[in-house]
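Read off the chains here:
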Amino acid sequence: MDCHTPVILQIDIKIPEHVLAIADMLTKSGYEAYVVGGAIRDCLIGKTPTDWDIASSATPEDVKRIFGDRAIPTGERFGTLTVFLGDQGVEVTTFRKEGRYSDGRRPDRVVFSGNLRDDVARRDFTINALAYDIRRKSVTDYFGGIRDLGDGIIRTVGDPEERFSEDSLRMLRAIRFAVELSFEISCETLCGIAKLHCAIRRVSPERIQDELSRMLLSTRPGKALRYTYETHLLDHILPELSDCAGIPAYHESPDTLLEHSIKACESIEPRLELRLAALLHDIGKPLTMAQDDTGRLRFFSHESVGAELAKTALERLKYPGALIHRVTTLIKWHMFTYEPATKDKGIRRLVNSLGLEAIYDLGKVRQADRVALGLDPGPGSNMEAFLRRLEEVLKQGPAFTVNDLTVDGRDVMRVLDIPEGPEVGRVLAKLLDVVLEEPGLNSRERLLDIVRAMADKKIH
Ligand code: ATP
Ligand code: MG
């Protein structure tokens, strides 16, 4: 629906006090003010909005005049000021229509407009183009957003291809909203994405990362990933994962490796590093796939090749280093098998090199992998046996890091009479090594004796 006579829905939406007060000041000063965008969408479907936006006929100059230093310019070039009443800010944006887009991401110039219709027409999806008039208690809907909200449909305002050519980030937003809201994407909108997928390359990696993370943390990460694969967006975002569509998950598997990876991602709890690790755990397989003498498919060392590929992919998407490290550690170790004959000290060394949290996360990745393979996730699995054994070792209360030692850097400096510096760290690492081997030595006296012996022999 794209007509000049909007649908008006009379409804009493509960608006927070500070938003009411800002809209009230604008209208009392003679300007129009509507609550717009995601907040109205969320209220109409019973979700709690995360942020509140106001669209107004007041220009940035007017807003500054009305609110003084409570109006902070946060995107003035685009007509946006954030107004603070108390400690909560509300974005107040002047009605605008956008000029030409030549970079496929941002309008070349912003043109302010005197009317609401222009403003909602530049918004991405019909469900995001609703405007609420607080005084009249009515929602104005020019583009069928209320109907699409009821039907659970994501549809662009206007022609999808035109709207995606203007700003290609909208293609990812369509998928992200679909999975966050449990909506479907309309056929035309989906076709528009499938046609213009290449344009996603114009979007900054940071914005892609943000949308991808939100998709992965939604309740339907699998649906989002299938949408990105079917529309070819995945070929640009994570080509390493697209490559997994062409091979089986394992010898004679009914699932492609991509489908297996998606199922693993869906089966793990919504923590970003876990979702990423489950999704990418096998991405080393396409590069390592080979047939053995019997014709069986093998994927030797796919875990270390996969960890390297995941590092490159996540760095390209500008994920933080610490997260990349956690994800790649999980991928590298996901084929870990526990040997019951392993000595306690072997287990302690493993905890020392991986960290306890990573070991528990590894258990979760392994479990998700098994669920995705249709295997019994828990009892009887090798990982389960390992975790039981780990509990036994932990009960002995051993030290796994230098912080767990009964001596610290100050003791080392005093006994060896050395200044602060890397040498202190090296001595503590040696002590930890001794204690990992023999936990009984982690008493203050014994460790100080060892440090004194180092001093005598000058071996530190
Ligand atoms: P959420 O905050 O949950 O992501 P939202 O709909 O509030 O959802 P925002 O990114 O906060 O999304 O944007 C606020 C509003 O601005 C949107 O509802 C939409 O009307 C408009 N908007 C945001 N990004 C775009 C875009 N790339 N193209 C067109 N309109 C957009
Ligand atoms: Mg928002």
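Please refer to the structure placed before this passage.
The present account deals with the structure reproduced in this document. Nothing here was measured: the structure is a model prediction, and the numbers come from that model.

**Considerations on helix α23 (residues 444–457)**
Alright, step 1. With 14 residues, α23 extends 20 Å between its outermost C-alpha atoms, agreeing within 8% with the 20 Å of an ideal straight helix rising 1.5 Å per residue.
Alright, step 2. All of the buried residues along α23 are Leu447, Leu448, Val451 and Met454. Taken around the axis of α23, the buried residues stretch over an arc of 110°, which confines them to a single face. Exposed side chains of α23 directed beyond 90 degrees from the buried face belong to Glu445, Asp456 and Lys457.
Alright, step 3. On its buried face, α23 sits against α21 (409–416) and α22 (422–437).

**Thoughts on the packing of helix α13 (residues 257–266) against helix α14 (residues 272–280)**
Alright, step 1. Closest axis-to-axis distance for the α13/α14 pair is 7 Å, and the angle between their directions is 160°. Classified by the interaxial angle, the pair formed by α13 and α14 is roughly antiparallel. Our pair here, α13 against α14, has a crossing hand that is right-handed. Contact with α13, carried on its side by Ser261, Ile262, Ala264, Cys265 and Glu266, involves Arg275, Ala278 and Leu279 of α14 and no other residues of that element.
Alright, step 2. In the contact of α13 with α14, the residues fall into five nonpolar, one polar and two charged.

**Some words on the coordination of the magnesium ion (ligand 2)**
Alright, step 1. Taken together, the protein ligands of the magnesium ion (ligand 2) are Asp51 (OD) and Asp51 (OD), with distances of 2.4 to 2.8 Å.
Alright, step 2. Position of Asp51 among the secondary structure elements: in the loop between α2 (38–44) and β3 (53–56).

Here is what the cut-offs are and how they apply
- Chains are numbered independently. Their residues run from 1 in the order of the written sequence.
- Key to labels: chains lettered from A, ligands numbered from 1, both in the order written.
- A pLDDT threshold of at least 70 governs which residues receive local features in this predicted model, and a stricter bar of 80 or more applies before side-chain atom pairs are shown or counted, although totals over entire chains, interfaces and linings include all residues.
- As a convention, hydrogens and water are excluded, and side-chain values are obtained from all of the structure's heavy atoms.
- Comment: elements are numbered from the N terminus, with helices defined as DSSP H or I runs of at least four residues and strands as E runs of at least two.
- To estimate how far a helix should extend, the number of its residues minus one is multiplied by 1.5 Å.
- Accessibility here uses a 1.4 Å probe with only protein chains present; expressed as a share of the type maximum, an area under 20% marks a residue as buried, one over 50% as exposed, and anything in between as partly exposed.
- Throughout, the arc means the angular range of directions from the helix axis out to the C-beta atoms.
- Contacts are assigned to residue pairs that have any heavy atoms within 4.5 Å of one another.
- Geometry is summarised by axes, namely lines fitted to C-alpha atoms with helices restricted to the contacting stretch, and by angles between N-to-C directions that run from 0 to 180 degrees.
- For classification, angles of less than 35 degrees are called roughly parallel, those exceeding 145 degrees roughly antiparallel, those between 65 and 115 degrees roughly perpendicular, and all remaining angles oblique.
- Left-handed describes a crossing whose near helix is turned anticlockwise from the far helix by less than a right angle; the clockwise case is right-handed.
- Residues are sorted three ways: Asp, Glu, Lys and Arg are charged, Ala, Val, Leu, Ile, Met, Phe, Trp, Tyr, Cys and Pro are nonpolar, and all the rest, Gly among them, are polar.
- Only N, O and S atoms count as donors, using a 2.8 Å cut-off from the metal and 3.2 Å for Na, K and Ca, and because water is excluded some sites may appear unfinished.

Purely geometric numbers; function is a separate question.
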